[in-house]
Structure formats: structure tokens, C-alpha cells
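If you want the building blocks of each chain, they are given just below.
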Amino acid sequence: MRESSPREPAGRLCTAGITRRPDSLEILFEGRPVVAFEGETVAAALIASGVRRFRTTERGEPRGLFCGMGTCFDCLVRIDGRGAQRACLTKVAPGMSVQGESMAAGPAAEARLPLADAPDGALPVDDDEVLVIGAGPGGLCAAEAAAGVGATVTVLDERPEPGGQFFKQLAPSHTFARAAAMDRQYAGGRSLIERVRAVGVRVLSQSTVWGAFPHDGDGIELGVLREGRAVRHRARQLIVATGAYERAWPVPGWTLPGVMTTGAVQTLLRAYRVAPGSRVLLAGNGPLNLQVARELVQSGVQVVAVAEAASRPGLARGAGALLALARSPDLVADGVLYLAQLARRRVPVLFGHVLVRVEGEHVAERAVLARIDRAGRPVPGSERRFEVDTVCLGYGFAASNELPRLLGCRHSHRERPWPGLAVERDEHGATSRAGVFVVGDCGAIGGARVAQAQGALAGLEAARRLGHSGDARVAKRRAAARRALARGLAFQRALWELFGAPPLDSLVSDAAIVCRCEGVTAASVRRLVAAGGDEMGVVKRMTRAGMGRCQGRYCAATLARACAGAPPGKLDEWAFFAPRFPLKPVPAVALASRQPEWHEQDQGVEAPAPAEVRHLDPGECSADVAIIGAGIIGSCTAYYLAREGVDVVVLERGRCNGEASGNNAGSLHVQLLAYDFGDWAQAGGRAAAETLPLQRESAALWPAFARELGVDLDLDITGGLMLAEDAARLEHLREKARLERRYGVEVEILSAPELRELAPYVSADLAGAAWCPAEGKINPMLAGPAVIEGARAAGARVHEDTGVRSIERTGSGFALRTARGTFRAGRVLNASGGWSARVAAMAGTHLPIRANPIQLIVTEPAPPLAPHLLAYADRHLTLKQVRNGNLVIGGGWRAALDAHTHRATVLRESFEGNLWVAARVLPALATLHVIRSWAALNVAVDGAPLLGEVPGLPGFYNAVTVNGITLGPLIGRLSAQMLRTGKTLPALDFFTLSRFG
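Described below are features of the structure shown in this document. (Residues numbered from 1 in each chain as written. Predicted model: local features only at pLDDT ≥ 70, side-chain atom pairs only at ≥ 80, totals over all residues. Heavy atoms only, no water.)

So, on to the overall build of the chain. Secondary structure assignment for the chain yields 22 helices and 51 strands. Relative to the compact-globule value of 30 Å for 997 residues, the chain shows a C-alpha radius of gyration of 30 Å, a close match. Per-residue burial over the chain gives 62% buried out of 997 residues. Restricting to contacts in the chain with at least 6 residues of sequence separation, those with at least 24 account for 71%. Carbon and sulfur atoms make up 52% of the accessible area of the chain, which amounts to about 36700 Å² in all. Counting 114 positive and 100 negative side-chain charges, the chain places the averaged centre of each group 7 Å from the other. (Helix = DSSP H or I, 4+ residues; strand = E, 2+ residues; numbered from the N terminus. Rg over C-alpha atoms; globule rule 2.2 N^0.38 Å. Buried < 20%, exposed > 50% of the residue type's maximum accessible area, 1.4 Å probe, protein only. Contact = heavy atoms within 4.5 Å. Areas by Shrake-Rupley, 256 points an atom, 1.4 Å probe, with all protein chains shown as cover. Lys, Arg positive; Asp, Glu negative; His and termini not counted. Charge placed at Lys NZ, Arg CZ, Asp CG, Glu CD.)

Considering soluble globular proteins, one finds that nonpolar side chains tend to be buried as a cluster. Formed by 71 residues in total, the largest nonpolar core has its most connected members in Leu-222, Leu-238, Leu-721 and Leu-915. A per-element tally of this core places helix α21 (residues 908-921) first, with six residues. Sequence-distant contacts of Leu-222, defined by excluding residues within four places in its chain, comprise Leu-131, Ile-133, Val-209, Gly-211, Ala-212, Val-231, Arg-232, His-233, Leu-238 and Leu-403. Of all hydrophobic cores here, the second largest spans 66 residues; its members include Phe-73, Val-259, Leu-369 and Met-536. (Core = buried A, V, L, I, M, F, W, Y, C linked by side-chain atoms within 4.5 Å.)

In this section: the side chain of Arg-63. Within the secondary structure, Arg-63 sits in strand β5 (residues 62-63). Look at Arg-63 and you get buried, because its relative accessible area is 0%. A distance of 3.0 Å separates the side chain of Arg-63 from the side chain of Glu-61, its partner in a polar contact. Among residues more than four places away in sequence, those in contact with Arg-63 are Arg-52, Arg-53, Phe-54, Arg-55, Thr-57, Asp-74, Thr-255, Pro-257 and Arg-516. (Polar contact = N/O pair within 3.5 Å; in protein donor to acceptor, adjacent residues only side chain to side chain.)

Turning our attention to empty space enclosed by the protein. If you walk through the whole model with that rule in mind, you get four cavities of 30 Å³ or more. Space inside the largest cavity adds up to approximately 160 Å³. Considering only residue class, the lining of the largest cavity consists of 10 nonpolar, five polar and three charged. The calculated volume of the second largest cavity comes to roughly 50 Å³. (1 Å grid on protein atoms, 1.4 Å probe; cavity = no way out; pocket = protein on both sides within 12 Å on 5 of 7 lines; lining within 4 Å. Points joined across faces, edges and corners; volume = space filled by probe spheres on them. Nonpolar A, V, L, I, M, F, W, Y, C, P; charged D, E, K, R; others polar.)

For strand β13 (residues 207-215), a buried count of seven out of nine residues is recorded, marking the element as mostly surrounded by other parts of the structure. Strand direction decides the pairing type here: β13 and strand β14 (residues 219-226), joined by eight bridges, are antiparallel. Opposite His-215, over in β14, you have Gly-219 as the bridge partner. Where β13 hands over to β14, the hairpin turn is made up of three residues, of which Asp-216 adopts a positive phi near 55°. (Pairing = 2+ DSSP bridges.)

To continue, consider the environment of Cys-515. Tracing the backbone shows Cys-515 in strand β29 (residues 513-515). Residue class for Cys-515 comes out buried when judged on its relative accessible area of 2%. Cys-515 sits 176 residues away from Leu-339 along the chain, and the two C-alpha atoms are 34 Å apart. Ignoring sequence-local partners within four residues, the contact set of Cys-515 consists of Val-520, Ala-545, Gly-546 and Cys-555.

Moving on, we get to the packing of helix α11 (residues 522-530) against helix α12 (residues 536-543). The relative placement of two packed helices is expressed as an angle between their axes plus a distance between the axes. It is the contact of α11 with α12, at a shortest axis distance of 10 Å, that shows an interaxial angle of 125°. One finds that α11 runs oblique with respect to α12. For the element pair α11 and α12, the recorded crossing hand is right-handed. Along the contact surface, α11 presents Val-525, Leu-528 and Val-529, while α12 presents Val-538, Val-539, Met-542 and Thr-543. In terms of residue class, the contact of α11 with α12 is made up of six nonpolar, one polar and no charged. (Axes fitted to C-alpha atoms, helices over the stretch in contact; angles between N-to-C directions. Parallel < 35°, antiparallel > 145°, perpendicular 65-115°, else oblique. Left-handed = near helix turned anticlockwise from the far one by under 90°.)

With that settled, the discussion passes to the pattern of salt bridges. Evaluation of the coordinates by the stated rule reveals 66 salt bridges. Residues Arg-202 and Asp-128 are paired through a salt bridge, measuring 3.4 Å at the closest nitrogen-oxygen approach. Of this pair, Arg-202 sits in strand β12 (residues 202-204) while Asp-128 sits in strand β9 (residues 125-133), and the two are 74 residues apart along the sequence. If you follow the salt bridges from partner to partner, you end up with Arg-55, Arg-59, Glu-61, Arg-63, Asp-74 and Arg-516 in one network. (Salt bridge = Lys/Arg side-chain N within 4 Å of Asp/Glu carboxyl O.)

This paragraph deals with the pairing of strand β27 (residues 420-423). In the sheet, strand β26 (residues 411-414) pairs with β27 via four bridges, with the strands oriented antiparallel. Opposite His-411, over in β27, you have Val-423 as the bridge partner. Between β26 and β27, which follow one another and run antiparallel, lie five residues.

What follows concerns unusual backbone geometry. Across the junction of Phe-581 and Pro-582, the peptide omega takes the value 5°, indicating a cis bond. Structurally, Pro-582 can be placed in the loop between α13 (556-564) and β31 (586-587). Phi angles above zero are rare outside glycine, and Asp-80 is one such case at about 50°. Position of Asp-80 among the secondary structure elements: in the loop between β6 (76-79) and β7 (82-86). Phi angles above zero are rare outside glycine, and Arg-273 is one such case at about 55°. With respect to the helices, strands and loops of the structure, Arg-273 is situated in the loop between α4 (262-272) and β18 (279-284). Among the residues examined, Arg-273 registers a relative accessible area of 7% and is labelled buried.

What follows is the structure, encoded as C-alpha cells:
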């Protein structure tokens, strides 16, 4: 039965045996009062009051509540001046003022409050014997088992209350009038939570784990944001139980407000007693949809239909039904009851049907279903329309495995019950990473009972490894958990025989938005894949899919399958986005911590060995020029050569623009960076100074070059500021500017008042700046592909996944042996960036350079804040705001090389230190979340390019440099001229190997 009064909307439910708090409170949404109750979330209060539209995206699209568990970041609102708050996880408070986030129309100067407090000195560190991440069924059972035998246990959980998605408990806004009013799920959850607390487990809710890092050898340190403050947890034994989130096939209209996951609807119902709408349709695969449909109708909400992708159970599935009945008769009985009750309420359950689109102007208004054939394709002419205000999507689950992947736990790909990665683990949940256990759905989807059994086994084993062996009762509990695990797994196998559905990839029409965060359509992804961009990194760089706040959680599986273009068995861990921190968006200011910086002379590592690739093609081909490396330098050179009619082939070990050229900050530097001048500079600073005319000329080339390519490269020459903190640093900039002017660079020194007039957004504590109007920014993810496509159009042949294994001198030039055959060329250009020294060694020469792993950070999009390119007088920093509103923060902070994958990885110290420097320059950074970081291999050299023909090795040329995105057009043009004529230009003598003696 619905509850309605003049003071309250009809979205609140009244259920026998459940009592709501008598004292309401009031919050404001967009200036109008909304009735709320202590203990419920902002999302619950808004939905109860009839609010569907929570925010507007950067593209002007309306969004509302979707996942209900803090995963999708669609329900972002501004609360009391703090932006990008998740309404589904934030509890209401009296007088709270809530505004919908509107990136499309938000004024630039609107005041926003800091999201958190900056750390005061060193971050506090908690040392935990057993640390459990996740307070769902698996995590709670693990904590209870470990603490029960004497281990000290801490549980971290992001949600407001423990219980997870399965054991959702009533929020403090409601209470059970009597114990008999609780169903089995409520009662089981309450009992488990009480047992966990009774054995002394410390449960810390509203704690977001944002990163994981090595500590003291094999130890593990976790970065945690707890109630708005950054802390660190070190674990002797770590149990990851982060659960899963619901899969929802992308269909047109699935981003409209009113479309939610089935779990979000169940949370509104079970935790907050709020109706999601008045006419609800559920679509998906599995028994959860039937359960939630039954809970809706019991609460008085009209369910217009349930679409189940599996076909109606029949005799062919009788064996599965009998096995499921034998393993878990209570759950089978529940399923039969759900169907019977829905039938009594005349709710149509349409087996073999799927949702194909949602229609509506600004919210969901109609749902369109279609019958599917055995291959999962919609049957023409079978569409049925339903008038709705809410659509629930639940096509199974995806493992929340971001933390196990970041920790380096081995994974393998599985197809059943749903496609995805599964953690490789033993019967106790122990993984390939020492001291790390994974339990429940984050390891592989298995349901709550499997998670509980796995949790008990992991908790007991973790405690045993710490010396807590317990008594004879422990052996009995372990044996009971093993039996329960076997029953649970057998039940799951039988259940998904009953609910087995065909592959549903064909549901994703071209018009469907695949990446909810960035608005990327299936059509754009398919065009890219058809053109050869069949790798997740390529799709990400070219379309921005996976770059938003949810970090690819809702698009990764669809994109991986699109890229594979092959039987699902060929999918593996490397087919998905690489795991990176922060695992969830976190306030930049909370993580900003001062860290030691370094001298440029200390940078660089040996480049990793190339990955082994089986021999694919024994054939040969020849060209006038072979370019090794399809980064920005190699691509520009190929473009200019091909345009002049030179037969050129480009050999790329991975994908074009896939390393530093496509993963840099996009800064167009014209003035010297502070550490290229004075006492900090390498080689006395001469090498960097001699490069100034090249930087000035190349930066000036980019606008005409972009017009020539016919592509918008997000290129803006807005000027650059190098900021000084005090008078001494400002004097350092004056000396630097005098040198730069001698090399023809226009630089002006600004006083503090002049800086404030030009850039009022920077810190008021700054003493002044060096202003260079020729500096700017470009999008490297667009620039590299545009150049390589221009080279292809001019006739260059480009071969990806073609790493050079050896280089031999021949009578007519060189023979380059690769995994894809032998390439013969009269002249060779080594433009392989961080791998250039390795390539040169194959040709028998030495280059005095090393690979240099560096990292970058990106914030969420913001209104216009910082139009200029920013740098710091004596610290490592570059900072710019790109066109879509993200702030990109870099400056050459060190990264590391993963010993197993040989990939560059971000270091926590660099991440925190880079943010600390950026926060000293841009106060508005305190109002933003960091949403991702990444690392790539740059080049460590003395500050100047290394160009020209190698002495004693005629026909072999180098084009290697830092600041390649700035220098690309000019170095490409000059290198092409040298390769075409066979002569090193006298004006470039300084930039050859001769400067190293």
C-alpha cells in the first residue's frame, strides 16, 4: 500500500511491520523543499519526492540515479557547495542544499568549496593483521571467521551501512516493528552483522579504497579515503571482497533518467522504502529481476512487465531444475513463489524477450521489448511498447575486480555465467599475489552463498598464516564451509542452466551509447575497429571511451568484445583496460602530499625488452626509407617523406601513437622549463638552450600543420605562465628570460599585480611569473593519429605490431628482421623514443639516452578555470585545462616499470607530490576529484634532440627527443630532408652524436 499525505509525495512506501522515524527533516533541491528522513541517502529522498533528473552532462544530456551503489557516477549533485557528490552514497542532513550538476551550463566563476581537508603532515597509517575490503556477505563472513580464531580484523566498506548489495539492511530512517516482519534476507544479514561486531571486528563504513601499493618487500599498503580524509592501511593479510555490479546491455535510451539497474531499485525498496516510480518494467537475465518484481508489486508499485532473456524453462532444462532443487530447495521454492505471485497480480513475464530501446524526451517514458531468436538477435516484427516511468536493467553481474587486478593477481577469461575476468585462486581464495585473498563475486560470479563459504575459508586461512590456528571447532567449520561452497557452486551451475541466455551482443545497435561517461556510441567504436583500431588502448585514445568517472566499468566488456572480433575464448586479461589508480574518483586536495623531487640527471632506466611475438610472416618487402617507431616524430617524418614521393615504410612495435606520443600532457613548450636552466640543468643547460629556436619554430608550425591535415587537434595557443613562489625564484626567472630572449623567444616577467590581472585564478601567494605568449596545448590523442593517417594517405606503408628484432648491414642498406618478415631499406630512421638505445644497439652503435617512465594525472571535467599552460619556477609541474574541461597535471614526475608486464606504472609518491605542487598553483584544484592517472615511457637525454646520421654508419639516422609533441612537426620535416638528401644539415650539427664526444 502507498502512503500519501499533503506534506509528502506518494513515492514513499508503507509496509506492515516496518516503522518510519516520526521526525522528518527538510533539504533543498534546486531551491525547493524536499522531505527527507535521517539515515537515508540524498538519492532516496529525491526519488521519493519525484525528482528524476539529477544532473546534466558536459554534452547537455540529462542523467539520474542508475546503479545506486556508487559505481556509475551518474547521480552526481552539488551538496552545500561541494561538487560531484554521489547522491546514492551521501546521507541527508538537516538544511542540506542540493543542486544538480550542470557542466553544460555552469558559470565559470561559480564559487565551490573544497571537497576535503588537505593532509596536515604525514598521513596516518593503520597496521592491520587482517584487512577485509567489502562488507557484503563474503567480506563479513571472512571477518567473522578470522576474528573468531583470534586475529585482529578491520573491514573497510564504501557504503553507508554494512551488508553489501545482497544483505541490504533497513536504513536508520526505518525500523522493524517486530522481528517477524523481517524476511530471510533481512534476518540473515542482521544476524551476520551482529556476529561480526560481537567478535570485535572493526567495521569502517564510508571508506573508499583508491589505490594499492607495494610496501616493505611483499607487503601491501592501501590508499583509503575515510570520511573525507586520506589514510593508509597496511595489511599483513588482505582479503578482497568487493563484490559485483550489475550488467546492463547498452541500448538507445539507457542513459535517460528513470532507467536504473535492478539493484538500485532493490536498494530503494529494501533500504529506504522508496518506490522508484509508478509504472515499472524490468528487463534482463536471472532470478533477481523476478525477486525485485515481486517486491515491487507487494509494495503496491505497478509492474507492467518482466522481460527475461532466457527462454521459458521446459523439459529440456528439467535436469538443471532438479539439481538446483537438490542443492538449494529454499531458493528454488523462492523462485517458484515469485512466478506464482506475479501471475496472480497479472504481471506478464515474457521469456525470450529483451529490451531494445527506451524512449522519452528527457526521462524514460516508453520501453520497447522484442523477442530474440536462439542466436540472441531481435526478431523483426516482434516489438512491444510499454508506457513506463521506470525501467530496471539487470543482465547479470560484472565482477568488481579492479583492486585484485591492480594488485597484480592473475586473471583468466570466462564466458559463464557471464563473460568476464575471473581471479585465479585456490580453495581458500589465495591468489598469485602473496598475502592476498579474493572471495565472492569480485573473483568470479557465484552468488551470496558461494561468497559466504569462500569468505569463511579465506578468513580461517588468513588467520592461520598469522599463527591463529584455533581449536578443533575450526576444522569443523572449515569442513562445513567446503561443503557449503560445493553446494553453492553446484546450485549456480544448475541455476544458469535454467536461466542460460544466448549472447546478446546484437542488442548493441549503432545508435546506442556504449560509454555512458563520455557519450561514445557503438557506431564510432565499430568504425574504428573496422579501420584496424582493434585494441582497447587505441579505442580509448581515439574515442575517449573508458576515460570518464566510472573508469570503464560499464563499457569495458562491450569494448573488449568489439575489439576481439573473434571467438570469445580469445579474450584475456590484456584485452581489457589496464588497471590504474585512483580506483574511484577522489578529492585531489585530500591526496596532495609533499614529496621529494629530483635532478634530471638521475632519471631514466633501461628500456624493457620487447615482448616476444611468434613469427607470422617469413616474407620480405623493401622501401627507400624504413622508420622505426610510429610516435609523433616518426609519423611526422613519414608524412613529409611520403608527401615528397619517397617510398617509406613505418615499423611500430605496438600501436601507432601508443607510447609517450599519445600519452603525454599535450604541452607546447617554448620557454625553458625551470629545471633546464641554472644549477638544476643537465650539461650546464646549453643543450636545452640550443633547443629553444627549434621549440619556438615547431610550436608555430602546429596551427598550419593542423590545417594541412584537415583535422581539429584541440590546438590552442593561449600562452604559458611559469610561476614563481617568492622573490628569489622570480629573479631566477628573470635570468632565464634574459637567456631565452638571446635565442629569440619572447618572454616577459610579470610582477604579482600583473600576474593577478592576467591570471586571477592562480594562487594569491605567488610573487610573479614568466609569460610566454607562444606556448599552448594540443590533444596528443588526436595529433598522432591525424599525422599517421596523413602519412598513409600520402603513400606511407605503416605496419603495427612489428617490432624490430635485429638490424643487419647489407650492400644496399639495411635488413630489418621483424616478427612480420624482413624489411629492406637503403636508409633507416631510429625514432623509437624510449627504446631508441635498444634499436641503435642492434645496428652496432651506442646512444647516450635511457627510457624515462613518467606519470600524468587527470581531474574530472570542470567549468573553465585555467586558460593558460602553467609551469613552476623550481618544481616539476605542467598544468592545463583541455577543451572538455579536464585538468591534465604532469611535469615529468617519475613512474616505475612493472617487473612482470614491463609497462610503466604510476608511483604513489609521484602521484601525491604532483598534486601537492599543482595545489600550490591552482587553489580551485581543491574543488575537484582526480579520476585517473597513467604512465608512459619518455626519453631521458641531456635536454636536446639527438638527430642526424650516425658517424661511421652511413644511412642510419636518429630522431630522438624529449618534448616530442612540441618538436614533432619541425623535427619530422628536418629528418625527412636529411633522409631524402642523405646529408645532415650543418645547422643541426649541435644536435648530432658529436656533442657527446
